[in-house]
Each structure stands twice: as C-alpha cells, then as structure tokens.
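The lines below spell out each chain.
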Amino acid sequence: MSRVIVVGSANVDVTTQVAALPAPGQTLLATDTALLPGGKGANQAVAASRWGTATELYAAVGADSFGRLLRTALAAQGVGLDRLIEHPSAPTGLALVTVAADAENTIVVAPGANSALTADAIADLPSRLGPDDVVLLQLEVPLATAAAAAVAARAAGARVVLNAAPPPQPGSSGLATLLANVDVLVVNETEAIALSGAGTPADWLPVAAALREQGPAAVVITLGGDGAVACTDDGSWHQPALPAAVLDTTGAGDAFCGVLAAALADGRTLPQAVRAGCAAGAAATEGRGAQSALYGRNELDARMGDVA
C-alpha cells in the first residue's frame, strides 16, 4: 500500500485575529486568539491523512504541554506517530500567526525542537521506504535533514515532493543535493522569486522552467487566488483556482502540498494532483486555523466536480 511519509516540523500556532496587519512599531488589540496545532510538516501530514492515504510523520516536539497537544491532535487525525521524537530539553516549536480581516496573514516561527530533527533522527528512513511511497519535505527543519531524506527516498525508488518553505538562501549547503533528488518542487510566488533570483514576472511559467534547471523533475508554483502553474518534461500549464469564500489563508499552502502528495501516492497524474491541491487550498481558506479547515477526499472530489 502506498504511503505519504512526511519529514518536517510540528508547531503550536498562537493565532490572533486583527482588523489589519500591524505596521512596524504599531501595537494592536486582537479581536480573538487561539492555540492551534500547526507546523508545515504536521499540517501537510494531516492534509494527506484526511485525503485517505496512510501517512506517517517524522518530527520532533518538546517534553511539554504543547508537545502533548500536538501528539493528541495528530493521532486524532490518523497520522502515524511512531517516528515522532520527544526532545528532553528543547521546547516544542511555536508559530506566531496574525490574521487580518482581509484573510492575509504574517507568521513568525520559533523552531524549538524542530531543529533537533537531524539526519541522525531519520536514519531508519531508507529501510522503511518502498517504490510506491511519496516522501514529503519542507524546510522548517534543518536543510541537511531534508537533503538526507530526499537522497534516501531516491535510493528506494520513492518519489520526493519538496515544499521549499521557508525558502533557503541560494547556494545554501546541501541545497543542490536536495534539489537534484526532488521529483516535484512546490513553491509559492515569494519562494519562487527567492530561489530563482527573478523579479516579479508577468508570466510565472518561465520562472517554473528556470527552477527546473536547478534539478527538480517538475516545478509547481502556487499563485493563491490565481491557481497554480506547473512545468515538466511533458510541458507547462496553468491550473485555475477553484472558487472559495475566503476567511483565513493560514495553512492553504500546506493543504495544497499534503493533498498533492497524497493524490500522487493514490495514483493520480501530476495535473490531477495539482487540481486536487488547488481544491484543498481553496477549501482550507474557508475556515480558521491550519488543520481544522482541512477536508477529505470525498469533499474535495465533489468540489472539483462542481467546477468544469
């Protein structure tokens, strides 16, 4: 049976609602606040699991109440946690999320125990992978860990999906090795610019093609309300966004990545997986929080079926 194996971060999100994002030096009163499970790795694992694909997570949390909150929340979503390690001294990662009335957000992440997810912590990954698996990576953990996971996956014949977020500095140690072992690179507009060194383009397809020259077999650039573009050996295309009543964009990119990886593991083609990812991202913007707004396969298939 195919699986999604996520190697990534697990955080608790401290989320505040404000009328507008603060300007530098400005103090605002929030209209609401919440503690929610988050972290790109954990969010994407939940999205994949909600799709119905067997999903496991390599991550690290602290020996604290936030770590226990995350373990409980992930287990409730059916994510396999045999490789979730508990660091004895580092705190659980924390993300400070500010969401404005127009649904835009800012996020500051304190990695905490996520920094302890080293290559040694995933040493058993090669022995656990098969050719039908998809390994899903992000960069809220050390880049060297992501690179080691990609190399292990490629050796096992598994596919690698990398969400290069937050974007690494071009030329970072291990980046070339990582990108050379990626099957599908997923980035948003900001990340695409950071990795490519390009300015904001009128057409994102040439940027996707340029990023492919750095090693990935395929590149997908998510464009928020404009959908996504993709570039592969077989050509390039634009996937329009699906309609959504946007409330909170937090976690929409994670929903896209998790469902794209799960759809690939499920045997769907990359164009089909990109469309499913767009449906997941759109649906995720209609609720608050990163994990609480995620939908399952039946709901997303229905949403895609309603749009020609």
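Please read these numbers as outputs of a predicted model, since none were measured by experiment.

What counts, and where the lines are drawn
Residues numbered from 1 in each chain as written. Predicted model: local features only at pLDDT ≥ 70, side-chain atom pairs only at ≥ 80, totals over all residues. Heavy atoms only, no water. Pairing = 2+ DSSP bridges. Helix = DSSP H or I, 4+ residues; strand = E, 2+ residues; numbered from the N terminus. Axes fitted to C-alpha atoms, helices over the stretch in contact; angles between N-to-C directions. Contact = heavy atoms within 4.5 Å. Buried < 20%, exposed > 50% of the residue type's maximum accessible area, 1.4 Å probe, protein only. Polar contact = N/O pair within 3.5 Å; in protein donor to acceptor, adjacent residues only side chain to side chain. Expected span 1.5 Å × (residues − 1).

Participant: Just to check I follow, could you spell out the sheet that holds strand β2 (residues 11-17) for this structure?
Facilitator: The strands making up a sheet are joined through hydrogen bonds of the backbone, oriented either antiparallel or parallel. If you walk across this open sheet you meet the four strands as β3-β2-β6-β7, and the pairing is mixed. Because the sheet does not close on itself, it has two edges, and the strands there are β3 (32-38) and β7 (105-110). Strand-to-strand twist across the sheet, computed as the mean angle between neighbouring axes with direction ignored, equals 20 degrees. Here helix α2 (residues 65-76) sits on the sheet in contact with β2, β3 and β6 (93-99), set at roughly 65 degrees to β3.

Participant: How do you make sense of the side chain of T92 when you look at a structure like this?
Facilitator: You can see T92 is positioned in the loop between β5 (84-87) and β6. T92 sits in the buried class, given a relative accessible area of 5%. Only 2.9 Å separates the side chain of T92 from the backbone nitrogen of G62, close enough to count as a polar contact. Polar side-chain contacts of T92 include one of 3.1 Å to the backbone nitrogen of G67. For T92, the residues in contact, after removing those within four places along its chain, are A10, V61, G62, D64, F66, G67 and L70.

Participant: How should I be thinking about helix α8 (residues 252-265) in this particular structure?
Facilitator: Here α8 contains 14 residues, and its C-alpha end-to-end distance of 20 Å stays within 8% of the 20 Å for a straight helix at 1.5 Å per residue. With 13 of its 14 residues buried, α8 lies for the most part within the structure.

Participant: Explain the pairing of strand β12 (residues 228-232) here, please?
Facilitator: Regular strands show a simple pattern: their side chains alternate between the two faces of the sheet. Counting buried positions along β12 gives five out of five residues, so the element sits mostly inside the fold. As defined by bridge partners, strand β11 (residues 218-222) adjoins β12 across four bridges and the pair is classed as antiparallel. Its bridge partner lying in β12, I221 is registered against V229. As consecutive antiparallel partners, β11 and β12 are separated by five residues, and within that stretch G224 has a phi angle of approximately 60 degrees, a positive value. One ladder, built from five bridges, connects β12 with strand β13 (residues 235-239); its direction is antiparallel. Residue pairing in the sheet places V229 in a bridge with H238 of β13.

Participant: Just to check I follow, could you spell out the pairing of β5 for this structure?
Facilitator: One ladder, built from four bridges, connects strand β4 (residues 54-62) with β5; its direction is parallel. When the bridges of β5 are listed, V61 appears paired with E86.

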